[in-house]
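Observations on the model geometry
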Amino acid sequence: MAAVVDTLRLTAEEAAGLLERGELSPAELRGAYLEAIAERDGELHCFLRTVEEAEGDGVPIALKDVISTKGVETTAGSRILSGYVPVFDATVAGRVKKAGLSLLGKTNTDEFAMGSSTENSAWGPSRNPWDPERVPGGSGGGSAAAVTAGLAPWALGSDTGGSIKQPSALCGNVGLRPTYGSVSRYGVVAFASSLDQIGPVAKTVRDVALLYSIVSGRDPNDSTTAELPEPVRLPEGESLAGLRIGVPTELNEAEGIEPGVGEAVRRALELVTGLGAEVEECSLPRSVRYGLACYYLIAPAEASSNLARYDGVRYGPRAEATSYQELVDRTRDEGFGDEPKRRIMLGTYALSAGYYDAFYGQAQKVRTLIIEEHREALSRFDVLVSPTSPTVAFRVGERAADPLAMYASDLLTIPSCLAGLPGLSIPCGLSEGLPVGLQLIGPQFGENLLFRVGHALERALAFDTVPERWR
Amino acid sequence: MTWEPVIGLEIHVQLKTRTKMFCRCAAGFGAGENTQTCPVCLGFPGALPVANRTAVEWTIRLGLALGCEIAERAVFSRKNYFYPDLPKGYQISQYDLPSCIDGKMILPTSEGDRVIGIVRAHLEEDAAKTVHVGGRTGRIGGADYSLVDYNRGGTPLVEIVTAPDVRSAEEAKRFLQLLRQTIVELGISDAEMEKGTLRVDANVSVRPQSSDELRTRTELKNMNSFNFVARGIEAEVERQVAVWGSGGEVKQETFDFDAATGALTPRRAKEEADDYRYFPEPDLVPVEPPAELVERLRTELPELPAARIRRIERKLDLERATVLVTGGLDALWEQTVAVGAERVAAANVIANNVVGAGVAPAAVPARELARLVEARERLPRAAFDEAIAKLADPGFSADPYLAQEAVSDTDELEPIVARVLEANPGHVEAYRGGKEGLLGFFVGQVMKETQGKANARVVSELVRAKLSA
């Protein structure tokens with residue numbers, strides 16, 4: 001069957017329109033994406049598995065493999081969950097199904113969402129559609145690359161320190177990390193509970209807003225969720241008149257930001273002024289200085305506890321052993337890759353008796369400072385702007401042997417994650433032929449504001465999300 | 001030197017909420033293994049806990065009954081360790097910020113009120129149940145295989161920690177009886193040690209009388225009745241006194257109490273100290289009960305057992321008041337007395353006969369009971385016992401029993417008494433030699449001869465007269 005639509009360009013909103021007007025059947029639409037997957041995923045490896053028969057006659061969707069899907073294997077990119085088939089849907093999976101969206105498949109991720117390149121996936125890395133020699137970012141590289149490559153109109157990812165925003169930046173599409181507590185984490189394989197958030201990836205800000213409206217809102221199964229204070233508004237206008245845009249010096253002039261990345265963001269900021277917003281420099285000194293260290297105490301500490309349940313007793317592979325202790329030790333040794341092991345060790349240490357106050361306790365205090373610093377900045381500005389990632393997509397293998405270089409990929413996304421604030425990444429241009437992401441940070445539950453600014457900028461920038469080699 | 005025991009108790013109480021602590025699975029006994037489970041209490045990937053509101057309220061209710069301060073902000077933490085009965089690899093438990101702190105319980109005694117401090121009462125989830133098959137110890141080490149039933153996993157559990165204010169095994173027992181009754185009356189738990197819904201660990205040390213030092217303490221576990229708790233503490237106090245007395249030193253150890261032998265077996269010492277890596281549970285929000293709720297729960301508290309013991313003591317005596325209240329019998333006693341029964345007789349009949357017959361006190365019609373109490377001496381013993389046993393039957397009336405008359409005719413009874421004394425010359429000699437407790441034996445023999453129809457008081461007088469003749 002010849003492709004009936006160009007999935008590389010089709011937005012979710014347009015796809016919904018085609019279905020609504022009967023110009024395309026649900027099966028034809030789904031078929032077009034499955035065909036694109038068959039054609040391009042051999043090279044990109046975005047999907048860990050596709051679903052042949054799915055409920056729902058709406059727009060298809062891909063879900064990151066940390067999201068539990070009833071009856072569909074969910075491994076979180078880890079060998080320790082190979083063969084694990086959830087008996088329940090994550091709340092977000094249930095909500096997209098209830099909205100009629102049909103599940104295309106589960107996308108690749110760094111193991112337990114720990115990484116910035118998908119190279120930590122037990123099932124092999126995904127590739128960047130702009131240049132398959134390069135990584136798509138991570139941990140949600142599979143979802144981001146799938147959207148850019150037209151393998152899914154939109155997808156859900158999860159973000160702990162940048163796992164939605166950074167891959168979107170590296171793949172040239174739009175990703176939202178929502179306000180902590182606005183989207184349920186129930187059924188999403190936990191990495192660091194106080195930081196994990198689920199969010200959409202798509203080609204346009206409007207698509208992201210639409211998917212956010214489907215999955216957000218209080219869930220009685222997740223005590224940390226809240227009802228949204230106002231309904232989600234799909235952005236329409238192009239004016240930014242009256243808005244105050246803050247440009248935190250430390251996030252825009254951090255060491256390691258590539259010149260081409262900084263340049264693309266500066267050009268976008270000029271456009272912002274042209275759209276009527278006031279742009280002014282501001283400062284988040286402690287957030288950027290201590291953010292990474294703070295994050296790498298809190299996230300591994302929580303992870304060391306969250307990953308304790310993988311003991312081989314109730315699900316997943318179980319190692320041969322002659323005692324309980326040996327069973328647990330060997331199952332975990334064989335099941336976890338290097339990065340989870342590294343973080344379990346870091347986190348266990350940070351929580352140990354005698355070290356708690358100096359590490360985990362201290363990090364929580366720093367986190368409070370970071371929250372206050374952001375609150376102060378956002379009392380003077382409506383949104384803050386910076387590059388999403390200091391660099392464009394790097395080469396596969398380039399940072400794999402250097403955990404600290406890999407951790408630095410999230411330098412600019414981590415501070416607002418610690419503050420629990422929403423962040424939107426939109427593509428703002430190319431550097432060395434690769435996409436550059438611009439990060440918009442808003443106040444708590446300020447998603448509508450981010451959508452408005454992101455949409456206006458997107459129109460003004462007119463970035464073409466289709467990789468040059470496929471145009 | 002005289003030694004004084006210093007005892008602190010840790011009591012775990014399983015709440016009888018309809019559902020578990022952090023999920024909506026049914027809580028309770030009797031269902032098939034692993035049938036009351038869900039992704040949350042099995043620790044499936046991504047499953048999240050949601051705190052049980054009833055369990056939180058009941059914990060506050062208990063805290064109020066124990067005179068505790070109720071925290072405006074309590075926090076659940078994670079206690080991390082690996083064990084197959086702990087599906088998440090951590091137990092969710094209140095830790096440094098518990099719901100209830102700094103309370104006390106009054107223990108009425110003949111030397112006035114004893115005050116036992118309550119350090120804290122906190123809410124947590126119970127572990128699952130493991131059965132280790134094979135091996136000698138019944139423990140996981142050396143077992144051929146282990147079976148886990150997750151039905152119990154996640155049941156709400158309140159842990160009450162007392163100050164080291166208890167001074168004897170007997171006092172520990174009395175404290176536990178009173179605490180148990182308080183818990184039962186609050187309606188929050190069945191608090192049955194045999195079923196494991198009430199579990200007690202004791203921390204025991206000794207010190208020279210009237211010093212205020214605190215010496216090394218040991219921990220006693222696995223005592224599944226109040227009597228075993230008392231026996232375990234007694235044995236451990238004796239052991240520690242002997243150790244110190246012989247110039248030795250008590251080591252910090254944990255012992256299991258063996259009910260069959262009364263022996264304390266030390267648990268194998270761990271090679272390294274436990275480090276549970278507690279941190280605040282990020283999947284839950286703090287427990288912040290509104291002040292109005294706490295006040296409402298406070299005003300809803302019933303009159304507590306300790307207060308009732310003091311009140312009833314004034315009409316009776318401490319021992320009987322304690323037995324009635326801790327046995328949950330005082331309401332029946334008050335009703336029975338209110339309709340005219342004599343206080344002491346009513347207390348004795350309720351505490352001995354009614355309880356002995358296994359009759360539920362709540363189902364007993366007080367007026368009928370009062371009539372039986374009043375007539376008990378003239379009724380044939382068999383008729384009285386039968387009437388007591390049937391008290392709780394629907395529509396029970398004492399009439400048919402009250403129509404019976406015990407044999408009080410001395411002419412009829414004397415030959416039987418004489419026969420009994422002749423048949424037991426050894427006992428007669430012993431009685432005359434001072435063992436007056438044998439009176440009951442002779443009376444019992446006569447009652448047996450008369451199939452329980454004799455008037456016990458008359459028989460007793462006859463026996464006494466004959467023997468002192």
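Computed from a predicted model, the values in this text were never measured in an experiment.

The rules behind these values
Residues numbered from 1 in each chain as written. Chains lettered and ligands numbered in written order. Predicted model: local features only at pLDDT ≥ 70, side-chain atom pairs only at ≥ 80, totals over all residues. Helix = DSSP H or I, 4+ residues; strand = E, 2+ residues; numbered from the N terminus. Rg over C-alpha atoms; globule rule 2.2 N^0.38 Å. Contact = placed C-beta atoms within 7 Å. Buried ≥ 20, exposed ≤ 12 C-beta atoms within 10 Å, placed from the backbone. Nonpolar A, V, L, I, M, F, W, Y, C, P; charged D, E, K, R; others polar. Pairing = 2+ DSSP bridges. pLDDT = per-residue confidence, 0-100. Core = buried A, V, L, I, M, F, W, Y, C linked by C-beta atoms within 7 Å. Axes fitted to C-alpha atoms, helices over the stretch in contact; angles between N-to-C directions. Parallel < 35°, antiparallel > 145°, perpendicular 65-115°, else oblique. Left-handed = near helix turned anticlockwise from the far one by under 90°. Domains from an automatic or database assignment. Expected span 1.5 Å × (residues − 1). Arc of directions from axis to C-beta.

1. Notes on the overall build of chain A
The number of helices and strands found in chain A is 15 helices and 11 strands. By the compact-globule yardstick of 23 Å for 471 residues, chain A fits well, its C-alpha radius of gyration being 21 Å. Seen through its principal axes, chain A has C-alpha atoms that stretch 70 × 60 × 45 Å. Considering only residue pairs separated by 6 or more positions, chain A has 76% of its internal contacts joining residues 24 or more positions apart.

2. So, the overall build of chain B
In terms of helices and strands, chain B carries 15 helices and 14 strands. The principal-axis extent of the C-alpha atoms belonging to chain B is close to 85 × 60 × 50 Å. Going through the 469 residues of chain B one by one, you find that 41% of them count as buried.

3. What to know about the interface of chain B and chain A
On the chain A side, the residues contacting the 25 residues of chain B number 34 residues. The residue makeup of the side of chain B that touches chain A, split by class, is 15 nonpolar, five polar and five charged.

4. Focus: the environment of Cys 46 of chain A
Residue and element names in this part refer to chain A. Tracing the backbone through its elements, the reader meets Cys 46 in the loop between helix 2 (26-44) and strand 1 (47-50). Under the C-beta neighbour-count criterion, Cys 46 is labelled buried, with 31 such atoms within 10 Å. Separated by 100 residues in the primary sequence, Cys 46 and Ala 146 have C-alpha atoms spaced 5.7 Å apart. Every residue in contact with Cys 46, bar those within four places of it in the chain, is listed here: Asp 41, Thr 107, Asn 108, Ser 126, Gly 142, Ala 145, Ala 146, Ala 149 and Leu 151.

5. Side note on the pairing of strand 5 (residues 174-177) of chain A
Residues and elements named next belong to chain A. Neither face of strand 5 is open: one carries Val 174 and Leu 176, the other Gly 175 and Arg 177, and all of them are buried. Here strand 5 runs beside strand 6 (residues 197-202); their pairing, made up of two bridges, is antiparallel. Counted as the bridge partner of Gly 175 is Val 201 from strand 6. Alignment of strand 5 against strand 10 (residues 423-431), held across three bridges, turns out to be antiparallel. From the neighbouring strand, Gly 175 faces strand 10, where its bridge partner is Ser 425.

6. Focus on the confidence of the model for chain B
Across chain B, pLDDT averages 93, with 98% of residues at or above 70. Scored by ipTM, the complex comes to 0.96, with pTM at 0.91.

7. A few points about the nonpolar core
Core analysis: the biggest nonpolar cluster contains 255 residues, and Ile 61, Ala 146, Ala 152 and Ala 155 of chain A together with Ala 172, Ile 233 and Val 459 of chain B have the highest contact counts within it. Of the residues forming this core, the biggest block, nine residues, is contributed by helix 9 (residues 285-306) of chain A. The residues contacting Ile 61 of chain A, other than those within four sequence positions of it, are Val 96, Leu 101, Leu 103, Leu 104, Ala 152, Trp 154 and Ala 155 of chain A.

8. So, the sheet that holds strand 3 (residues 102-107) of chain A
The strands that make up a sheet pair up through hydrogen bonds in the backbone, lying either parallel or antiparallel. All names here are of chain A. In spatial order, the strands read 1-3-2-4-6-5-10-11-9-7-8; together these 11 strands make up an open sheet with mixed pairing. The open sheet has two free edges, formed respectively by strand 1 and strand 8 (278-282), since each of these has just one partner strand. On average, each strand axis in the sheet is tilted by 30° relative to the strand beside it, whichever way the strands run. Pairing analysis gives three bridges linking strand 1 to strand 3, with the strands arranged antiparallel. Across the sheet, the residue bridging to Thr 50 is Gly 105, located in strand 3.

9. Observations concerning the packing of helix 1 (residues 53-65) of chain B against helix 2 (residues 169-186) of chain B
Residues and elements named next belong to chain B. Between helix 1 and helix 2, whose axes approach to 11 Å, the crossing angle comes to 135°. Here helix 1 lies oblique to helix 2, going by the angle between them. Handedness of the helix 1/helix 2 crossing: right-handed. Here Arg 61, Leu 62 and Ala 65 of helix 1 come into contact with helix 2, specifically with Thr 182, Ile 183 and Leu 186. Looking at the contact of helix 1 with helix 2 residue by residue, the classes come out as four nonpolar, one polar and one charged.

10. Here we look at the domain arrangement of chain B
Residues and elements named next belong to chain B. Domain boundaries assigned for chain B yield domain 1 (3-297), domain 2 (329-402) and domain 3 (410-468). The straight-line distance from the C-alpha centre of domain 2 to that of domain 3 is 27 Å. Contact residues are listed per partner, giving five residues for domain 2 and seven residues for domain 3. Within the side of domain 2 that touches domain 3, the residues separate by chemical class into two nonpolar, no polar and three charged.

11. Some details on the packing of helix 5 (residues 305-313) of chain B against helix 6 (residues 318-326) of chain B
Residue and element names in this part refer to chain B. As a packed pair, helix 5 and helix 6 sit with axes 8 Å apart at the nearest point and diverge in direction by 140°. Considering their axes alone, helix 5 and helix 6 lie oblique with respect to each other. Taken as a pair, helix 5 and helix 6 cross one another with a handedness that is right-handed. Packed against helix 5, whose contacting residues are Pro 305, Arg 308, Ile 309, Ile 312 and Glu 313, the element helix 6 presents Leu 318, Ala 321, Thr 322, Leu 324, Val 325 and Thr 326 at the interface. In the contact of helix 5 with helix 6, the residues fall into seven nonpolar, two polar and two charged.

12. Some words on helix 3 (residues 91-98) of chain A
Residue and element names in this part refer to chain A. The buried fraction of helix 3 amounts to six of the eight residues, a majority that puts the element mostly inside the structure. Tucked into the core, helix 3 has its buried residues touching strand 2 (60-64), strand 4 (154-159), strand 6 and helix 6 (205-215). Directly beyond the C-terminal end of helix 3, a positive phi value near 90° is found at Gly 100.

13. Quick notes on the pairing of strand 11 (residues 218-223) of chain B
All names here are of chain B. The pairing of strand 10 (residues 198-208) with strand 11 spans four bridges and is antiparallel. Along strand 11, the bridge assignment pairs Asn 203 with Glu 219. Alignment of strand 11 against strand 12 (residues 254-258), held across three bridges, turns out to be parallel. Looking at strand 12, one finds that Leu 220 is bridged to Phe 255.

14. Details of helix 12 (residues 410-423) of chain B
Residue and element names in this part refer to chain B. Over its 14 residues, helix 12 runs 20 Å from end to end, which matches the ideal 20 Å to within 8%, given 1.5 Å per residue. Among all positions in helix 12, only Leu 413, Val 417 and Val 420 are buried. The buried side chains of helix 12 occupy one side of the element, clustering within an arc of 60° when seen end-on. Those residues of helix 12 that are exposed and angled more than 90 degrees off the buried face are Asp 411, Pro 415, Ala 418, Glu 422 and Ala 423. The secondary structure elements touched by the buried residues of helix 12 are helix 14 (439-449) and helix 15 (456-468).

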